[in-house]
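Analysis of the macromolecular model
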There are 2 protein chains.
Amino acid sequence: MFESAELGHRVDKAAYEAEVPELRTQLLDAQFDLLESAGFAVVILVNGVDAAGKGETVKLLNEWLDPRHVMTRAFDAPSSEEQERPPMWRFWRALPPKGKIGVLFGNWYEGPINARVEKDIKQSELDQRLAEINRFEQMLTREGVVLLKFWFHLSCKQQKARLEKLESDPLTRWRVTRADWRNYKQYDRRHDVAEHVVRHTSTAEAPWLIVDGSDERYRGLLVGQTLLDALRKRLDVAHKWQARVSTAPLPPQLDERNLLRQLVLDQPLDKKDYNKELERWQGRLALLTRSKAFCERSLVLVFEGMDAAGKGGSIRRVTAALDTRQYQVVPIAAPTEEERAQPYLWRFWRHVPRQGKAVIFDRSWYGRVLVERVEGFCSEADWMRAYEEINDFEDALIRAGAVVVKFWLAISDEEQLARFKAREVEPHKRHKITDEDWRNREKWPQYERAVCDMIDRTSTEAAPWTLIEADNKRFARIKVLRTICEQLESAFDE
Amino acid sequence: MFESAELGHRVDKAAYEAEVPELRTQLLDAQFDLLESAGFAVVILVNGVDAAGKGETVKLLNEWLDPRHVMTRAFDAPSSEEQERPPMWRFWRALPPKGKIGVLFGNWYEGPINARVEKDIKQSELDQRLAEINRFEQMLTREGVVLLKFWFHLSCKQQKARLEKLESDPLTRWRVTRADWRNYKQYDRRHDVAEHVVRHTSTAEAPWLIVDGSDERYRGLLVGQTLLDALRKRLDVAHKWQARVSTAPLPPQLDERNLLRQLVLDQPLDKKDYNKELERWQGRLALLTRSKAFCERSLVLVFEGMDAAGKGGSIRRVTAALDTRQYQVVPIAAPTEEERAQPYLWRFWRHVPRQGKAVIFDRSWYGRVLVERVEGFCSEADWMRAYEEINDFEDALIRAGAVVVKFWLAISDEEQLARFKAREVEPHKRHKITDEDWRNREKWPQYERAVCDMIDRTSTEAAPWTLIEADNKRFARIKVLRTICEQLESAFDE
């Protein structure tokens, strides 16, 4: 796959100098059109062999473009912040918002490639990681990101010559490290792994572009011109991902049974028993979250439910048991401007807890398949793909040691009505009831359907949904606390 | 993920009898609209636990639909025909053409699931297989296939009850086998593997639909109604996969260098040496293809090249060395009607050789990224995705033991002109030159570009392209023969 990149492509000085001014002007124009439209983000991946001019080419791009709107990021050893979260967290942090260009060195490909070269992982494990990368990149392109992947290549001989040349010049000697020579000695093995990776991650939407790294002018022009073409194509063709109607519909509802209707929503629990139980489970939770085992885990709680289902009250009974330095409650309402400029899950990734911490989501990423589906805020294609994306997200959390506990607080139609009315007359609760709440009530059946689909498609062995019978608030709160304790205990026992 | 399917859904007799006549009428209407439009094929996958009514439901579908246009296929142990080819070959054989409905029992999911349940493969190997399945299914949906995946579910208790009930009735006793009880004993393990598989292969385009298998009427109506919805949605919305402009363009050509231009096309080889070499390499090839090692391998040769590059002559020099019972030459021209009704690669899959056999393609699947790209016979999105699909196809061949040797016969512009002119005057070659050949000549630069991209994106370690300098026919033929011998030898040495 590297054939063309070993032909010794080059551009002579005169041709280069004739081309560059026009290219720069056009690139700047395109960059400002991008900024103004703010319609999509551009992610440029820079990978390849050492000494193939990756850094120099990116430097050039930054000279040609307006660097204020280019976010260049390199990823060395992960920080302690990063180590305590899923491996992809650091890359989510670095994604450029719509309107900007992000250049990512040593991105999500670096880890799997090195691990395989060093034989730390088997071929099948590499393929597993590549499949994850493909899913992640598919998500990016479906979110509208223009993804350009450049692989800088040198033949073995060229690499050696280039390393020697850099070493012989006092000005550049520092750039050649022992690691470079070590990688050079593994050239063949690295080449084979790279070929496998390039082949298995070149997709129609995000193919690898192999760059002959042997000539400075050639590789600079190539990357610049490719970026320009990609920007223009997208800006001018008013290109949009076609929101496609899913042809495989969800099954019809044939009978009255569903996961919610089979619940007995009003479960008995009197005040005295409640107080006893509350003390018991809060005490247990306090111990669990202060235990040694928890230092290497984290806790992600998701609370979903119809309006007035008692999410806030349950959350307060949980936080009462936690150390205030240990948790964060994240209420999810309309996204901020910054969040709207990013892929859908970005606003949740930013709150992923590090080890020893808890994050409690009052509503969550499930909004995509609940309110956004029912209200038509996103297309069917978007919420249909959200199920896989959400499962991938939670998988990543769990593999990084998080315990993910998800609650659906279920109340009856009548109970909601009663609570709405009570809110309207109680002065300190009046702000909690809006016209929107009344409107949502009318869509009860659609919400019910969406909830059942959500549970069916995202309740997994590792991150199951727990349905909470919530007409009796006391019962609901105890069941929430108990479930968290039990899931923490079972995670610690693993 | 099976929560909703354990609720004991059911439809009572009266409701069922009221629903069915209308459903049948509508299904038949939709089926005939599908047949008439012949716009797409429908593939229904039937999987799930034993005794959950898979067979009965399909039987019902065949009663409701016109069975002449439903292709129902079950896959037991592979035949010897099938064992000697890539595992996916048997499923390609069974794909329904456009206008028809294919029902596939025990399809491509069966092998990986059973292998994992029996612990014959590791988790990472399962994930590898699932990633392949995802790519395959993505190809199907991009080719326009409506893919419906039904998973028939029973809880452990339900399954036991059902097996016991079937066993107690003399009329159905034969249906319960020892394997059923064995699978039942593995219920939990099967359940966990199934959950993992369902979760990792539920995509927006082809989600799994979980069917509660406990009630005959319910599951029948569910499958029938889902099929009807899917057919109607696709037929009525005039749904088409949006041919999307790739935003990541191929890199621009900045200099004159490319893989073809660097070749010295006229290589010396005089007649005397040619005859000696020809004897030598044909003899060697004859021995190699009659060797014991070849009995467990197969040979796939691909010949591509501009018009009049000498493909036919080279092929004849190869076949001269082979046993006539051993090989097939497949000339690729316009697809037949049957072939046009299938996914693009189907016409090549049908010719995949079994062990000990050779198939020689005179032009091939690469037409997609050559003539179809240059002439605009398919969209950019289609030929861009073809690179991955072709690589996957060749991977499958190689993993099944095939040796894949691909030749690009390169001739110069002038040599082609000379050969065209010679053909026009020689009576027995006059049929070989058409107006189209002259027209193609005008697009030489576009073809050259397409050839270079093809080589860069599909020349892999396992299936590399060999460029043949072909201005001198004698040299070309010898290099072809030598390459085949060398690649066979290196494969036998593995």
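Residues numbered from 1 in each chain as written. Chains lettered and ligands numbered in written order. Predicted model: local features only at pLDDT ≥ 70, side-chain atom pairs only at ≥ 80, totals over all residues.

This part takes up the overall build of chain A. Along chain A, the regular secondary structure elements total 20 helices and 10 strands. In terms of overall dimensions, chain A has C-alpha extents of about 85 × 50 × 45 Å along its principal axes. A separation of at least 24 residues holds for 83% of the contacts in chain A among residues at least 6 apart in sequence. (Helix = DSSP H or I, 4+ residues; strand = E, 2+ residues; numbered from the N terminus. Contact = placed C-beta atoms within 7 Å.)

Residue and element names in this part refer to chain A. For chain A, the assigned domains are domain 1 (3–236) and domain 2 (271–493). Between the C-alpha centres of domain 1 and domain 2 the distance comes to 39 Å. Facing 17 residues of domain 1, the contacting portion of domain 2 comprises 17 residues. The element best represented in the side of domain 1 that touches domain 2 is helix α6 (residues 123–142), accounting for 4 residues. Taken together, the residues of the side of domain 1 that touches domain 2 sort by class into 9 nonpolar, 1 polar and 7 charged. (Domains from an automatic or database assignment. Nonpolar A, V, L, I, M, F, W, Y, C, P; charged D, E, K, R; others polar.)

So, on to the nonpolar core. Most often, soluble globular proteins have nonpolar side chains that are buried together. In this structure, Leu301(A) and Leu301(B) are the most contacted members of the largest nonpolar core, which totals 249 residues. Beyond its immediate stretch of four places on either side in the chain, Leu301(A) contacts Val318(A), Ala358(A), Ile360(A), Phe361(A), Val405(A) and Ile484(A). (Core = buried A, V, L, I, M, F, W, Y, C linked by C-beta atoms within 7 Å. Buried ≥ 20, exposed ≤ 12 C-beta atoms within 10 Å, placed from the backbone.)

Turning next to the relation of the copies chain A and chain B. If you rotate chain A by 180° and push it 0.0 Å along the axis, it lands on chain B with an RMSD of 0.0 Å. Each copy turns onto its partner about a two-fold axis. Both copies share a contact surface, since 100% of the interface residues of chain A are interface residues in chain B too. (Least-squares fit on C-alpha atoms with pLDDT ≥ 70 in both.)

On to the pairing of strand β5 (residues 208–212) of chain B, then. Residue and element names in this part refer to chain B. Within β5, 5 of the 5 residues are buried, leaving the element largely enclosed by the surrounding structure. Burial along β5 is two-sided: the residues Trp208, Ile210 and Asp212 and Leu209 and Val211 are all buried. As paired elements, strand β4 (residues 146–153) and β5 share 5 bridges and run parallel to each other. Of the residues in β5, the one forming a bridge with Phe152 is Val211. (Pairing = 2+ DSSP bridges.)

All names here are of chain B. Contact geometry for helix α12 (residues 311–319) and helix α20 (residues 473–493): axes closest at 9 Å, N-to-C directions at 45°. With respect to α20, the element α12 is oriented oblique. Between α12 and α20 lies a crossing whose hand is right-handed. In contact with Gly313, Ser314, Arg317 and Val318 of α12, α20 contributes Lys473, Ala476, Arg477, Val480, Leu481 and Ile484. Here the contact of α12 with α20 is built from residues that sort into 5 nonpolar, 2 polar and 3 charged. (Axes fitted to C-alpha atoms, helices over the stretch in contact; angles between N-to-C directions. Parallel < 35°, antiparallel > 145°, perpendicular 65-115°, else oblique. Left-handed = near helix turned anticlockwise from the far one by under 90°.)

Moving on, we get to the interface of chain A and chain B. Listed by partner, the interface residues are 66 residues for chain A and 66 residues for chain B. Of all the elements in the fold, those that place two or more residues in the side of chain A that touches chain B are α6, β4 (146–153), α9 (187–201), β5 (208–212), α10 (216–236), α16 (380–399) and α19 (444–458) of chain A. Top contributing element to the side of chain A that touches chain B by residue count: α10(A), with 9 residues. Of the residues that constitute the side of chain A that touches chain B, the class distribution is 29 nonpolar, 17 polar and 20 charged.

Across the interface, α6(A) lies against helix α6 (residues 123–142) of chain B with an axial gap of 8 Å and an inter-helix angle of 45°. The angle between α6(A) and α6(B) falls in the class oblique. Crossing hand, α6(A) versus α6(B): left-handed. Along its contact with α6(A), which presents Ser124(A), Glu125(A), Asp127(A), Gln128(A) and Ala131(A), the element α6(B) presents Ser124(B), Glu125(B), Asp127(B), Gln128(B) and Ala131(B). Taken together, the residues of the contact of α6(A) with α6(B) break down into 2 nonpolar, 4 polar and 4 charged.

For Ala51(A), which is not glycine, the phi dihedral falls at a positive 65°. Within the secondary structure, Ala51(A) sits in the loop between β1 (42–48) and α2 (54–64). Positive phi, close to 65°, is recorded for Ala308(B), a residue that is not glycine.

Moving on: the sheet that holds β4(A). Residue and element names in this part refer to chain A. An order of β2-β3-β1-β4-β5 is seen for the 5 strands of this open sheet, with the pairing classed as parallel. Each end of this open sheet is capped by a strand with a single partner; those strands are β2 (70–73) and β5. Taken pair by pair, the neighbouring strands of this sheet meet at an average axis angle of 20°, ignoring direction. Pairing of β2 with strand β3 (residues 101–105) involves 4 bridges; the strand directions are parallel. The residue of β3 that forms the bridge with Thr72 is Val103.

All names here are of chain A. Here 5 strands make up an open sheet; going across it, the order is β7-β8-β6-β9-β10 and the pairing parallel. With partners counted over all chains shown, the strands left at the sheet margins are β7 (327–331) and β10 (465–469), one partner each. Within this sheet the neighbouring strands show an average axis-to-axis angle of 20°, counted without direction. The pairing of strand β6 (residues 298–305) with strand β8 (residues 358–362) spans 5 bridges and is classified as parallel. When the sheet's bridge partners are listed, Leu301 is paired in β8 with Ile360. Relative to β8, helix α12 (residues 311–319) is tilted by about 170°, and along the sheet it contacts β6, β7, β8 and β9 (402–410).

Residues and elements named next belong to chain B. In terms of burial, strand β9 (residues 402–410) is a largely internal element, 9 of the 9 residues being buried. Burial along β9 is two-sided: the face carrying Ala402, Val404, Lys406, Trp408 and Ala410 and the face carrying Val403, Val405, Phe407 and Leu409 are both buried. Bridge analysis of strand β6 (residues 298–305) against β9 gives 8 bridges, and the strand direction is parallel. Among the inter-strand pairings, Gly305 is bridged to a residue of β9, identified as Leu409. Relative to strand β10 (residues 465–469), β9 runs parallel, the two sharing 5 bridges. Within β10, the position partnered with Trp408 by the bridge is Leu467.

Below, the discussion takes up α12(B). Residues and elements named next belong to chain B. Those residues of α12 that sit buried are Lys311, Ser314, Ile315, Arg317 and Val318. Buried residues of α12, seen end-on, are gathered within an arc of 160° and therefore sit on one face of the element. The inward-facing, buried residues of α12 contact α11 (271–289), β6, β7 (327–331), β8 (358–362), β9 and α20. (Arc of directions from axis to C-beta.)

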